[in-house]
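One-letter residues, chain by chain:
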Amino acid sequence: MLWEVDIFAAPDQPDVIGKDTAADAKDLGLSEDLQLEFARGYLIEGNLTQEQIETATTRLLADMVVERPVIMQVQMGADTSCSRSGKVVYVLPKPGVTDTVADNAKKAMRDFQIEADAVRTFKKYWIQGATDDETKRLAQKLLANDAVEQTVFGALPFDHLQFGTPYKFSLVLVGIRAMSDGELEALSKKGQLFLSLTEMRTIKDYFVKLDRDPTDIELETIAQTWSEHCSHKTLAGRISYSGPEGNLTFNNMLKETIFAATVQVRKNLGPLDFCVSVFSDNAGVVTFDKEYNVCFKVETHNHPSALEPYGGANTGIGGVIRDPMGTGMGAKPICNTDVFCFAPPEFESSDLFAGVLHPKRVIKGVVAGVRDYGNRMGIPTVNGAVYFDRRYLGNPLVYCGNVGLIPVDQSFKHPQSGDYIVAMGGRTGRDGIHGATFSSAELTSESETLSGGAVQIGNAITEKMMLDVLLEARDRGLYNAVTDCGAGGFSSAVGEMGEKIGAEVNLDAIPVKYEGLSYTECWISEAQERMVFSVPKDKWPELKALAESEDVETVILGEFKPTGRLLLLYEGNTVADLDMEFMHNGRPPVVRQAVYQTEAVTQLVPVDAAALPGLTVTAATNEPGDVLLAIVSSLNVASKHWVIRQYDHEVQGGSVIKPLVGVQCDGPGDAAVLRPRVSSRRGLVISCGMNPHYGDYDTGCMTASAIDEAVRNAVAVGANPATLAILDNFCWGNTDKPEVLGSLVHSALVCRELAVGFGIPFVSGKDSLNNEFRPKEEGFRDHPISIPPSLLISAMGQVDDVKNCVTMDLKEAGNLLYQIGETKNELGGSHYSLVNCLRGGQTPTVDIDTARRTFYAVHQAINESLVRSVHDMSEGGLAVCAAEMAFAGGLGAKLWLEHLPVASANEKNNLPLAIPDVDDELAQDVVRLFSESNSRFLVEVPIDCSRQFEKIFAEANVPLYQVGKVAEAPELVATSNDERTVLRLPTATIKAAWLKAFDFGGEYK
Amino acid sequence: MKPNVLILRAPGTNCDIETAYAFELAGATTKRIHINRLLENSALTDEFQILCLPGGFSYGDDIAAGRVLANQVRHHLSNAIHRFRDAGKLILGICNGFQILIKSGILLADDAQGAGATLAWNRSGMYTDRWVNLTVTGDKCVFLRNIQSMYLPIAHAEGKFIGRNDAVVDQLEHEGRLVLKYRHDENPNGAMRDVAGLCDETGRVFGLMPHPERHIDRTQHPRWTRDLRVHTDDPATAGDGMAVFKNAVEYFA
């Protein structure tokens, strides 16, 4: 018997979801005048009476104070309208997709002696004012996502929920030895192996030598181990590069740039080296205090988020949290970061390519996905950023980071021969099959149907329960090693952990969510919330008892054996027998060509708005006041409060500097500070830097700027530059194209130069390549949309005592304002250029030596308590920086622009200063206000501290200019030579524009 | 005497460690205990004077916030908890803990028509983290003695206090049990009569949506850097939330 329970808002309560959905439909241009009613509901199957269902409903499923349920029995063709008018649409999770509410409801019903056979949740809509076609479109574009949900129009077409039939073992052999090149290529594509012909041939040769054909699972295992996602074969491969640096040949590009920089920095640091484990474990580990180290990892989950924003982002953050959990012997996650790149939310639905979700839906889904996982895990999300560019339309970027705290003596793992291979956490289903290989493919409008299985929905509570057990087990010494199941599932986790030993695994021991999974599916599934442990046999009983005591499932999968082989068994049958050496070192090297040529720097020239894909707002006029308002309302610069407030940024109790600061708690903080140990005063600083717009001109400038920005953000709140560590995340287009790969190699070379120059090591990194979308529409088919080169730099710093931290909000009228660092004629790629539709100009550069001295001098001034507020200058330059400081502090600022000299950009490009439609005198002030030159800060200094403050910068030989003062009157005034007023705006006006540009509502509505 | 605090944790509880720390800072001893241990043996509560249900997402807040754990409490721990209260002991529910206390009938017993009040979805329909000014009304609640106002963060999606009807809320008001309220112009979730916290008829069982454990150190205050004392080591600068824990500990002094 199948029962349906619909739960409505009570008559005196708002139908929030119904109203919001109708508003979204209007927003997306789907329907103007829609009446929409919503109910959440449950399908309950079992031999149950109406009375039992009533009990379950009124006492468990519905909140009778604010909700009203309707109960009915599902019968084919029966009316399920609940006496409401409109077309009925059900949205249900597809069979096998995680449905934790249903699972928990089923369990909780047992307390009422109600034993259901199966439970499933659904969402149900009654839609009036839409045609059948409109209703279908609405369902497709807004209500449901085909990747994980099924939509039913009208009555339910089934009357039972059970699914899945038992799997009957049958070994599958792939006749690869007899295959031609064409057949090998077809197999790679059709089987979603995404391997090159050379790689397929190597596999063929291997099995020819063995005189047998591979099984399907052997082929899958090799494909996963060799995937871009798992092996980074492009960037860690051979590259022949020609660029501004000359002709270079790399055997392993990453090793010779980023890793090499870290080796050099550590050598230069000598006894002050604070790196513990870099580029070897799941996260980079550095020293924190005597008892603890900290580790940091940032991952991307771009392709899954393009198909299913909520699930993609949800499992993105869930996955990266398992990286610190799987680092060393397991770290405790202490904070999350998230950086997103989206297409602008105001996008005509009719302009969307087939297979592309509307950016607004992507944004809402991604933010909700990160929110629900991070908040449920009890990990504060403390730092992030959001960037907008039309080229992220079919290919949004979702970077998720996690920092963990790990005892010094638990920072390394040692899997042992003779240990059990133990799996813990969630069960295995068909979710996420081919995620690793899929993430190496380019997205097309068919990706959804082809790779829907790669999309997963997470279950944060399963992960939290596993974390609770993991930390306890770690402290009791119950295992020798742990790692997470990420891309590639058990295949990667066991393969990596047993690489140096050998492993034997019984696949039938893997707990499954439902029947019917083949041995291969069990092995390569990327179902979430699973980890693998190396457990000494004598510790197993205690580990099992501990896990069971908290309802966490754990099983023995097999054993690490000193064979150097991977042996997989299913019900006693050997299904795979591979040489670890071949799996991990047998991949033929990828050899690629790379070229990079930066554009010659020209004067700024007006261009059509369509030529600037990052443009979101144009200035009313090119008067400085209008320009400033346009820049603060640009989506990149505008307040991200709509996102930030949905995240818990204070759980764990260590919050020191929050993402939003100032008198009204809404100013944009430069970096987050937290105390990872609530009993200590030592602080951890997290910041980031990114500017994809500069990359269109020069990926070297973009890279230098991103590193400089991440560092100055951290330094601005008080981080000591001597203990900063940074992470790279390269998200790039199709690196099969030499010019695309060249732009990345150029970036990596600059990473090396800056890391060494700053003395700041890279400790971890990750890349995501082939981020391009290929529309199927006529005329676009051969013009894939590539994302702009997008390098995210994340920084992790430390402060000895959090009492020395500062925020960016102005504190007191009368204090002096100093600009630290030189303003250069660098408007190329700036927001000034963007809102005025200009192209050309010099993009911001970094003078490494000056920058390094600047960071240390700023840190000294902060530590000596000489400053009341510090803010980094980035997008929008001095004008935006001063405006933000003023409105965050509820005060005003007066700027004396004539105190600022304007340096030419650099010796190579000594262009005379000229801006279209701006006279020469004003052009100077425009540069002073809006240039985005790096390594600059605006600092508030009490008059009685000014002498001591100036002395620090004089001694460090760092440019310092007294550029204004804090004013009581809440307005921003900038004057230049002869007291000429260049800009005058009430801070309230600037703040209002800044607050409202990126706000989808929800607060105080 | 130094009270012993049972910090109850369940799958998805996530404020247990900092809440235990706050109690310890206030002078108590604490033990974090998994719900399964209590379900196995409810007599475990005997050695404790204070029971605290900290914040988090118990069982993922599946079905509704706190619902699944509240259901377990109703079926298996109701007697033990009532015994605990009747022994003159204290019970504190913070955020998810408040949701559990109200949905299990511990704070407000069901009547013939069912539950008298609930914590529903925020008016905004969204999870929100923000700081709010709170006012204490009356002197009924042990945890709020000698506190007039507090500045604390809220962090929840389902915190809108709603009574079944005005009569129920009038009665609670009349009994002096609506002890903690949001400043009217700052009501962050649309709660009826700006209710942020509720106590039972004894004043010894208290639930609140804001997080006192997130304001026990001056550097947790969102504007602490604006205070000139930041550069001193003034010891008298604990956060507002500390008083809640101190009151609980001092009750047993």
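Analysis parameters
- Residues numbered from 1 in each chain as written.
- Chains lettered and ligands numbered in written order.
- Predicted model: local features only at pLDDT ≥ 70, side-chain atom pairs only at ≥ 80, totals over all residues.
- Heavy atoms only, no water.
- Helix = DSSP H or I, 4+ residues; strand = E, 2+ residues; numbered from the N terminus.
- Rg over C-alpha atoms; globule rule 2.2 N^0.38 Å.
- Buried < 20%, exposed > 50% of the residue type's maximum accessible area, 1.4 Å probe, protein only.
- Areas by Shrake-Rupley, 256 points an atom, 1.4 Å probe, with all protein chains shown as cover.
- Lys, Arg positive; Asp, Glu negative; His and termini not counted.
- Charge placed at Lys NZ, Arg CZ, Asp CG, Glu CD.
- Contact = heavy atoms within 4.5 Å.
- Arc of directions from axis to C-beta.
- Pairing = 2+ DSSP bridges.
- Axes fitted to C-alpha atoms, helices over the stretch in contact; angles between N-to-C directions.
- Buried area = accessible area lost by both parts, 1.4 Å probe.
- Salt bridge = Lys/Arg side-chain N within 4 Å of Asp/Glu carboxyl O.
- Polar contact = N/O pair within 3.5 Å; in protein donor to acceptor, adjacent residues only side chain to side chain.
- Nonpolar A, V, L, I, M, F, W, Y, C, P; charged D, E, K, R; others polar.
- Phe/Tyr/Trp six-rings, centres within 6.5 Å; stacked < 30°, edge-to-face > 60°.
- pLDDT = per-residue confidence, 0-100.
- Core = buried A, V, L, I, M, F, W, Y, C linked by side-chain atoms within 4.5 Å.
- Right-handed = clockwise from strand over helix to strand, strands pointing away.
- Parallel < 35°, antiparallel > 145°, perpendicular 65-115°, else oblique.
- Left-handed = near helix turned anticlockwise from the far one by under 90°.

It is worth spelling out the overall build of chain B at this point. Along its length, chain B carries six helices and eleven strands. For 253 residues, the compact-globule formula gives about 18 Å, and the C-alpha radius of gyration of chain B, at 17 Å, lands near that figure. For the C-alpha atoms alone, the extent of chain B along its principal axes is close to 55 × 40 × 35 Å. For chain B, the proportion of its 253 residues judged to be buried stands at 67%. Surface accessibility of chain B: about 8,400 Å² in total, with carbon and sulfur atoms responsible for 47%. Charged side chains in chain B number 28 positive and 30 negative. The centres of these two groups are separated by 1 Å.

With that settled, the discussion passes to the overall build of chain A. When helices and strands are counted, chain A shows 30 helices and 44 strands. In terms of overall dimensions, chain A is globule-like: its C-alpha atoms have a radius of gyration of 29 Å, near the 30 Å expected for 1005 residues. Principal-axis analysis of the C-alpha atoms gives chain A an extent of 90 × 70 × 60 Å. The buried share of chain A, reckoned over its 1005 residues, is 65%. Expressed as a percentage of contacts within chain A between residues at least 6 apart in sequence, the contacts between residues at least 24 apart total 83%. Here chain A displays about 33,900 Å² of accessible surface, and carbon together with sulfur accounts for 49% of that area. The averaged location of the 134 negative side-chain charges in chain A is 2 Å from the averaged location of its 90 positive side-chain charges.

A few words now on helix α18 (residues 540–549) of chain A. Residue and element names in this part refer to chain A. W540, L543, L546 and A547 are the residues of α18 that are buried. Across the axial projection of α18, the buried residues extend over an arc of 130°, all falling on one side. Contact partners of the buried residues in α18: β15 (420–425), α15 (460–476), β19 (530–535) and β20 (554–560). Once α18 finishes, D551 follows within two positions and takes phi at roughly 60°, a positive value.

Turning our attention to helix α4 (residues 132–143) of chain A. All names here are of chain A. Taken as a whole, α4 has its buried residues at T135, L138, A139, L142 and L143. For α4, the buried positions fall inside an angular range of 110° around the axis, keeping them on one side. Lining the buried residues of α4 we find α1 (16–27), β2 (35–45), β4 (87–93), β5 (118–128), β6 (149–153) and α12 (359–377).

Next up on the list: the sheet that holds strand β9 (residues 275–277) of chain A. Residues and elements named next belong to chain A. Sheet architecture is open: six strands sit in the order β9-β10-β11-β14-β12-β13, paired in mixed fashion. Sheet topology places β9 and β13 (381–388) at the edges, where each strand pairs with a single neighbour. In this sheet, adjacent strand axes meet at a mean angle of 20° when their direction is disregarded. Bridge count between strand β10 (residues 284–287) and strand β11 (residues 292–300): four bridges; the pairing is antiparallel. The partner of V285 across the bridge, within β11, is C295.

Residues and elements named next belong to chain A. Reading across the sheet, the six strands line up as β25-β28-β29-β34-β30-β31 and stay open at both edges, with mixed pairing between neighbours. Sheet topology places β25 (655–657) and β31 (762–768) at the edges, where each strand pairs with a single neighbour. Averaged over all adjacent pairs, the angle separating strand axes in this sheet is 20°, with direction ignored. In the sheet, strand β30 (residues 725–731) pairs with β31 via six bridges, with the strands oriented parallel. Across the sheet, the residue bridging to C731 is S768, located in β31. Strands in contact with helix α23 (residues 699–717) are β28 (672–674), β29 (683–689), β30, β31 and β34 (790–799); relative to β29, the strand with the most contacts, it is inclined by about 150°.

Here we come to the interface of chain A and chain B. Counting residues at the interface gives 70 residues for chain A, matched by 62 residues for chain B. Both faces combined, the contact of chain A with chain B buries some 5,500 Å², and carbon together with sulfur accounts for 49% of it. Taken together, chain A and chain B are joined by six salt bridges. One salt bridge connects E550 of chain A with R9 of chain B, and the closest N-O pair in it is separated by 2.4 Å. Taken together, chain A and chain B are joined by 32 residue pairs in polar contact (both at pLDDT 80 or more). When residues of the side of chain A that touches chain B are traced back to their parent elements, those giving at least two are β2, α2 (50–61), α3 (100–109), α12, α15 and β25 of chain A. At five residues, the largest contribution of residues to the side of chain A that touches chain B is made by α3 of chain A. Tallied by class, the residues present in the side of chain A that touches chain B amount to 29 nonpolar, 18 polar and 23 charged.

On to the environment of Y420 of chain A, then. Note that Y420 of chain A resides in strand β15. Dropping the residues within four chain positions of it, Y420 of chain A is found in contact with F533, S534, V535, K537, W540, I556, G558, E559 and F560 of chain A.

All names here are of chain A. Applying the stated rule across the entire model yields 32 aromatic pairs over all chains. Ring geometry for F8 versus W126: centroids 5.1 Å apart, planes at 40°, classification tilted. Linking F8 in strand β1 (residues 2–9) with W126 in strand β5, this pair joins segments that are 118 residues apart in sequence. For F8, a relative accessible area of 3% puts it in the buried group.

Residue and element names in this part refer to chain B. Of note, L172 is situated in helix α5 (residues 166–174). On the basis of relative accessibility, which here comes to 3%, the residue L172 falls in the buried class. Linking L172 and D200, residues 28 residues apart in sequence, is a C-alpha distance of 9.1 Å. Beyond its immediate chain neighbours, meaning those up to four positions away, L172 contacts L108, F161, R177, L178 and L198.

Position of N771 of chain A among the secondary structure elements: in the loop between β31 and β32 (772–774). Not counting residues up to four positions away in its chain, the partners in contact with N771 of chain A are N302, H303, N395, L397, C731, W732, G733, I785, S786 and I787 of chain A.

The next thing to look at is the pattern of salt bridges. Pairing is possible between side chains that carry opposite charge, provided their charged atoms lie close to one another. Using the criterion set out here, one finds 67 salt bridges over all chains in the structure. R371 of chain A is paired through a salt bridge with D372 of chain A; the nearest N and O atoms lie 2.9 Å apart. Here the two residues R371 of chain A and D372 of chain A agree in accessibility, since each one is buried. One salt-bridge network, in which partners are shared between bridges, spans D166, D170, E173, K181 and R193 of chain B.

With 96% of its residues at a pLDDT of 70 or more, chain A has an overall mean of 93. Predicted confidence for residues 448–452 of chain A stays below pLDDT 50, and this span has eleven contacts to residues more than four positions away or in other chains.

Let's shift gears to the nonpolar core. Judged by nonpolar contacts, the single largest core of 129 residues is most densely connected at L628, F758, L895, I915, F930 and F949 of chain A. Broken down by element, the residue count for this core peaks at eleven residues, all from helix α24 (residues 738–758) of chain A. In contact with L628 of chain A, not counting residues within four places along its chain, are A879, V880, A883, F930, L972, L983, L985 and I990 of chain A. If you look at the next biggest cluster of nonpolar residues, it comprises 95 residues, including V169, L178, V195 and F245 of chain B.

Quick look at the pairing of strand β12 (residues 332–342) of chain A now. Residue and element names in this part refer to chain A. The buried fraction of β12 is high, at ten of eleven residues. Both β12 and strand β14 (residues 397–407) contribute to a ladder of nine bridges, which runs antiparallel. Bridge pairing links F340 to V398 in β14. Note that β12 and β13 share seven bridges and pair parallel. For F342, the partnering residue across the bridge sits in β13 and is F388. At this point the chain moves from β12, through α12, to the parallel β13, and the crossover so formed is right-handed.

What follows concerns the packing of helix α20 (residues 624–633) of chain A against helix α30 (residues 987–996) of chain A. Residues and elements named next belong to chain A. Direction vectors running N to C along α20 and α30 enclose 30°, while the axes themselves pass 7 Å from each other. Put simply, α20 runs roughly parallel to α30. For the pair α20 and α30, the crossing hand works out as right-handed. Here L628, L629, V632 and S633 of α20 lie close against α30, whose contacting residues are T989, I990, A993 and W994. Taken together, the residues that form the contact of α20 with α30 break down as six nonpolar, two polar and no charged.

Residues and elements named next belong to chain A. Relative to the elements of secondary structure, E67 occurs in strand β3 (residues 67–73). The class for E67 is buried, based on a relative accessible area of 15%. Of the polar contacts made by the side chain of E67, one reaches the side chain of R40; its length is 2.9 Å. The contact partners of E67, leaving out residues within four places of it in the chain, are I7, F8, A9, A10, R40, L61 and A62.

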